[in-house]
Amino acid sequence: MEDYVYVLDYLAKGRGDVPAFKRNPVVYGIGESQYTFLELIPKRDATFTIGERIYVGKDPALRTKIEKIKGRINFDDLTSTAHGELPYVLLDIVRHNEGRYVKFFNEASAISTRFHVLELLPGLGKKMMLEILDERKKKPFASFKEMQDRIDFLRSPDKLISKRIELELSDPDQKYRVFTRLPMSPRDHHF
């Protein structure tokens, strides 16, 4: 279960593709820990900004903006605004949790004798992967900045991670899921 969600879109008047008498305010968000897409029912008079981090966990005293979690949704259920904001929000999540992803670079392992999990990161080839492996043997990385300083031509490791997460979220047929869960099958929708 997600405790924090980042807002991808807020529809104060509800979805336009729903009959007017059934429309209710809705928030679309992405979970911070498992990258779960959620449809949320806001509390009355609550307002939201895209990219805002909000609490949706079990403690009612901390849940000041969300009435309830309507359910888990897939990438295709999101609005076009949410799709457009996703790359920026993912980058914010990765930067907010830098330690988690630096640890990934320090501990990532081979998938097979010929293929390493680091090679799944868009834009990271064998040569850079080998440089990362050599450098981390000398001393584990402490930050994204340190990675950039120690590895030639490595720019924005945070963007490499966020692009991989986006690929896993937008393509249900990805063979490898490094950071995300499998999308729901159509029969899993509960609303």
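Here goes a summary of the coordinates provided. Everything numeric here is computed off the predicted structure, so don't read it as measured data.

## Let's talk about the layout of surface pockets
Move 1: A volume near 180 Å³ is recorded for the second largest pocket.
Move 2: If you go around the second largest pocket, you meet 17 residues; those closest to its centre are Phe37, Asn74, Phe75, Leu169 and Pro183.
Move 3: Of all the elements in the fold, those that place two or more residues in the lining of the second largest pocket are strand 5 (66-73) and helix 5 (157-170).
Move 4: Among the elements that line the lining of the second largest pocket, the one with the most residues is helix 5, at three residues.

## Describing the side chain of threonine 36
Move 1: Tracing the backbone shows threonine 36 in the loop between strand 2 (26-31) and strand 3 (37-42).
Move 2: In terms of polar contacts, threonine 36 uses its side chain to reach the side chain of glutamate 2, at 3.1 Å.
Move 3: Beyond its immediate sequence surroundings of up to four residues, threonine 36 is in contact with Glu2, Gly29, Ile30, Gly31, Arg72 and Arg181.

## Section: the pairing of strand 1 (residues 4-11)
Move 1: Across the eight residues of strand 1, six count as buried, placing the element largely inside the fold.
Move 2: Pairing geometry for strand 1 and strand 2, over six bridges, is antiparallel. Bridging across to strand 2, valine 7 finds its partner in glycine 29.

## Things to note about the pattern of salt bridges
Move 1: Inspection of every chain in the model, using the stated rule, returns 12 salt bridges.
Move 2: Between glutamate 32 and arginine 53 there is a salt bridge; the shortest N-O distance is 3.0 Å. Highlighted residues: glutamate 32 in the loop between strand 2 and strand 3 and arginine 53 in strand 4 (residues 53-55), separated in sequence by 21 residues.
Move 3: Here glutamate 32 falls in the buried class, since its relative accessible area comes to 10%.
Move 4: Judged by its relative accessible area of 35%, arginine 53 is partly exposed.
Move 5: Several salt bridges converge on common partners, so that one network encompasses Glu135, Lys138, Lys139, Glu146 and Arg150.

## Examining helix 1 (residues 80-96)
Owing to its 3.6 residues per turn, the α-helix aligns residues three or four sequence positions apart on the same side.
Move 1: For helix 1, spanning 17 residues, the distance from its first C-alpha to its last is 25 Å, which sits close to the expected 24 Å at 1.5 Å a residue.
Move 2: Approximately 45 degrees is the largest bend angle found in helix 1, and it occurs at leucine 86, with the proline proline 87 only one to four residues beyond.
Move 3: Among the residues making up helix 1, those that are buried are Ala82, Leu86, Val89, Leu90, Leu91, Ile93 and Val94.
Move 4: Buried positions along helix 1 lie against strand 1, strand 2, strand 3, helix 2 (98-107), helix 4 (144-150) and helix 5.

## Some thoughts on the environment of lysine 68
Move 1: Locating lysine 68 in the fold gives a position in strand 5.
Move 2: For lysine 68 and asparagine 106, which are 38 residues apart along the polypeptide, the C-alpha to C-alpha distance reads 38 Å.
Move 3: In this structure, lysine 68 is in contact with Leu40, Ile41 and Arg63, ignoring residues within four places of it in sequence.

## A look at the packing of helix 2 against helix 5
Move 1: Between helix 2 and helix 5, whose axes approach to 11 Å, the crossing angle comes to 90 degrees. Regarding the angle of helix 2 to helix 5, the classification is roughly perpendicular. Between helix 2 and helix 5, the residues in contact are Tyr101, Phe104 and Phe105 and Pro157, Ile161 and Ile165, respectively.
Move 2: Each residue belonging to the contact of helix 2 with helix 5 can be placed in one class, and the counts come to six nonpolar, no polar and no charged.

Rules and cut-offs
Residues numbered from 1 in each chain as written. Predicted model: local features only at pLDDT ≥ 70, side-chain atom pairs only at ≥ 80, totals over all residues. Heavy atoms only, no water. 1 Å grid on protein atoms, 1.4 Å probe; cavity = no way out; pocket = protein on both sides within 12 Å on 5 of 7 lines; lining within 4 Å. Points joined across faces, edges and corners; volume = space filled by probe spheres on them. Helix = DSSP H or I, 4+ residues; strand = E, 2+ residues; numbered from the N terminus. Polar contact = N/O pair within 3.5 Å; in protein donor to acceptor, adjacent residues only side chain to side chain. Contact = heavy atoms within 4.5 Å. Buried < 20%, exposed > 50% of the residue type's maximum accessible area, 1.4 Å probe, protein only. Pairing = 2+ DSSP bridges. Salt bridge = Lys/Arg side-chain N within 4 Å of Asp/Glu carboxyl O. Expected span 1.5 Å × (residues − 1). Bend = angle between axes of the 7 residues up to and from the residue. Axes fitted to C-alpha atoms, helices over the stretch in contact; angles between N-to-C directions. Parallel < 35°, antiparallel > 145°, perpendicular 65-115°, else oblique. Nonpolar A, V, L, I, M, F, W, Y, C, P; charged D, E, K, R; others polar.

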